[in-house]
Amino acid sequence: MSVIELERASKTYPGGLQALRDVTLTIGQGELVAICGPSGSGKSTMLHLMGTLDRPSEGRVRLLGHDMATLSDRRLSAVRAHWIGFVFQQFFLTPHLTAVDNVATRLLYLGVPARRRAAAAREALERVGLGNRLTHRPHELSGGERQRVAIARALVARPVVLLADEPTGNLDTAAGAGIFDILWKLHEEGTTVVVITHNTDLAEAVPRRVDLLDGRLQ
Amino acid sequence: MIPAPARLSAWDLAAVGLAGLRARRGRAVLSALGVAIGIASMISVLGISAVSSAGLQEQLARVGTNVLTVAPGHSILGGQASLPLESVARVSHVPGVVGATAIAYMNGATARRTNLIDSAVTNGVGVAAARLDLLATLKGTVRSGTFLNAATARYPAVVLGTYAADRFGIDRPGRQIFVAGRWMTVIGILDPLPLAPDLDATALVGWPYAEKELGFDGHPTIVYERSTADRVTTIAKVLAATANPEHPDQVQVSRPSDALTAELAARAAFNGLFLGLGAVALLVGGIGIANVMVISVLERRQEIGLRRSLGATRGQIRLQFVVEAVVLSLCGGVTGTIVGLAASLLFAFAQGWPLALPAQVITLGVTAAVLVGIVSGLYPARRAAALTPTEALATG
Ligand SMILES: Nc1ncnc2c1ncn2[C@@H]1O[C@H](COP(=O)(O)OP(=O)(O)OP(=O)(O)O)[C@@H](O)[C@H]1O
Ligand SMILES: [Mg+2]
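Residues numbered from 1 in each chain as written. Chains lettered and ligands numbered in written order. Predicted model: local features only at pLDDT ≥ 70, side-chain atom pairs only at ≥ 80, totals over all residues. Heavy atoms only, no water.

As for the site of ligand 1
Residues and elements named next belong to chain A.
- Close to ligand 1 lie 13 residues, the nearest being Ser39, Gly40, Lys43, Ser44 and Thr45.
- At a separation of 2.7 Å, an oxygen atom of ligand 1 approaches a polar side-chain atom of lysine 43.
- For ligand 1, an oxygen atom lies 3.4 Å from a polar atom in the side chain of glutamate 166.
- For the shell around ligand 1, the leading source of residues is helix α1 (residues 43–50), giving three residues.
- Taken together, the residues of the shell around ligand 1 break down into four nonpolar, seven polar and two charged. (Near = heavy atom within 4 Å. Polar contact = N/O pair within 3.5 Å; in protein donor to acceptor, adjacent residues only side chain to side chain. Helix = DSSP H or I, 4+ residues; strand = E, 2+ residues; numbered from the N terminus. Nonpolar A, V, L, I, M, F, W, Y, C, P; charged D, E, K, R; others polar.)

If you want it as structure tokens, here you go:
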């Protein structure tokens, strides 16, 4: 079954810049897809459309077969809460919260009661190998560890798809490799993963690679 | 199935709001302070007003509103007239009157601490002869010593009103003071007389002594009468003619409790002014909160974007910021209420008045704070919610 379908999707930003042109793409259940392309080629734009953070100017986005264009902003929020796990280059962790609390925040918008949130957050942190950093705050963690907290936060809600926008962009090679190991492991466990990367080694290794240039699929 | 957005529990909302404030403590305290000052001033005005009107009401209830005074007006020839000799006796025979008494001012007589003090320095203390039933009719009490009695009224004995005693620095009987050109012994000091405040600044001597030694002609200056409550208005109509049948037009009848009643009313008007000032302070506090929240929204665009990407709806973002503003305002409001109540308590204690703090005052403080929070949080919250997820995330 297809998890994500872009059908002739385009995105024109206010001001007339066309960041994505006529992209048609289907991503199936359990796939690991790398999105590659030079800076400004529209990779983030495409990922935002896949994750319902933004709507296409033209064309359709379907998640699990449902057309997202018909949904209200409220419903799209719920779709993100239930189906999507985002990982960003800048981590976006809340500074004064512990790793567990950062991860647990993800479950807030799923309506999970507070008791269960903490337990699930600990489990997710263990999955990314941070079982010994549960009560650390972001400034007490290395860059690689912070990104793993962010991945745990994306995973904890058991999303349909994990969307990662240059998750290793702020990390050195070793830490980046650690992050890819985790993504790879998640893929092997059956999670659908879409990752934007400039890392050519990884892009060569993944089962499927999508190249963008000037907003078009190559 | 397309999922539906989850509803945040009140508990979770409060926790999110508090967490936002904890991260910026100093700023939170400062902006809550504005609301605290506003609420504190409003609560203390209301509290002090409640305490003082309860105090006045208690006074009124104690002394009663059924006393009338008869005083000479100005005679046609000018100068102060006095009342006829028999006026007290006549007034006491009016149906409904339960007691009539009088005082007479000794014109030209002074009371001084010693004879060494210049007679021009009177300290505003006058000298009057008093009938023995004066205190009973006015429901006055002695602070220390005794009032005049049949025996002491014939001797150079003096009873001081509370203000007069304070002026002379006398707090217990026994001392000699210089009254009407001779030494007299202070035998008692009165508590304040709410129905005859003039007497607070008066030295009272015995009626027979004044007639015998001070050349007093026996004409009363002021007659006080107490009647049954239902007869007060009827008696007021006939009192002038009764006291001075020949010149009823030269007599002024008044109800001294009216002054207390008027004071109660005046206080209410005065309160309005201070409440207004408190409301202005509260408004400024609210604007302070709105200001801080607007800045907070600008600084926290990434957090907003992140929360949107985690599945927060616009409504939930809006609510988060409103809750933050309300929590902020409520912290100020609770502090202000406590300070305001403490001020009222202190005031009641200092005045020796009963504690009369209506519970509504507390409810009012808290409600006002919540309202200020909601109103001042609304605009920043709308701005936060208006951001699209990508706009918010793109910052910085
Ligand atoms: N909100 C926006 N408004 C206007 N233009 C935008 C906006 N976001 C992106 N763009 C433009 O759209 C184009 C594609 O941007 P996008 O962020 O998708 O590129 P990218 O492939 O992710 O690049 P990078 O590798 O540098 O992250 C760029 O030219 C960018 O300047
Ligand atoms: Mg990008």
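Concerning the packing of aromatic side chains
- Across all of its chains, the model carries five aromatic pairs over all chains by this definition.
- Pairwise contacts between aromatic rings join Phe86, Phe88 and Phe92 of chain A into one cluster.
- The ring of tryptophan 207 of chain B carries arginine 131 of chain B above its face, with NZ or CZ at 5.5 Å from the centroid. (Phe/Tyr/Trp six-rings, centres within 6.5 Å; stacked < 30°, edge-to-face > 60°. Lys NZ or Arg CZ within 6 Å of the ring centre and 35° of its normal.)

Focus on the UniProt feature "domain: ABC transporter" (unreviewed entry) in chain A
- The positions UniProt marks with the feature "domain: ABC transporter" (unreviewed entry) are residues 4–218 of chain A.
- Taken end to end, residues 4–218 of chain A comprises 36% helix and 26% strand; its first and last C-alpha atoms sit 19 Å apart. (UniProt positions renumbered as here; feature names shortened; annotations may be inferred.)

Some points on the environment of alanine 129 of chain B
Residue and element names in this part refer to chain B.
- By the secondary structure assignment, alanine 129 is in strand β4 (residues 126–130).
- The class for alanine 129 is buried, based on a relative accessible area of 0%.
- The sequence separation of alanine 129 and proline 380 amounts to 251 residues, and the corresponding C-alpha distance is 73 Å.
- Residues within four places of alanine 129 in sequence aside, it is in contact with Ala102, Ile103, Ala104, Met106, Val205, Gly206, Trp207, Ala210 and Phe216. (Buried < 20%, exposed > 50% of the residue type's maximum accessible area, 1.4 Å probe, protein only. Contact = heavy atoms within 4.5 Å.)

A look at the sheet that holds strand β8 (residues 192–196) of chain A
Residue and element names in this part refer to chain A.
- Ordered by their spatial adjacency, six strands build an open sheet running β6-β7-β8-β3-β9-β10, and the pairing between neighbours is mixed. Strands with a single pairing partner mark the edges of an open sheet, and in this sheet they are β6 (84–87) and β10 (216–217).
- The sheet contact formed by strand β3 (residues 32–36) and strand β9 (residues 208–213) spans four bridges and is parallel. Within the sheet, the bridge partner assigned to valine 33 lies in β9 and is arginine 208.
- Running over the sheet, helix α5 (residues 143–155) touches β6 and β7 (161–165) and is turned about 170° from β6. (Pairing = 2+ DSSP bridges. Axes fitted to C-alpha atoms, helices over the stretch in contact; angles between N-to-C directions.)

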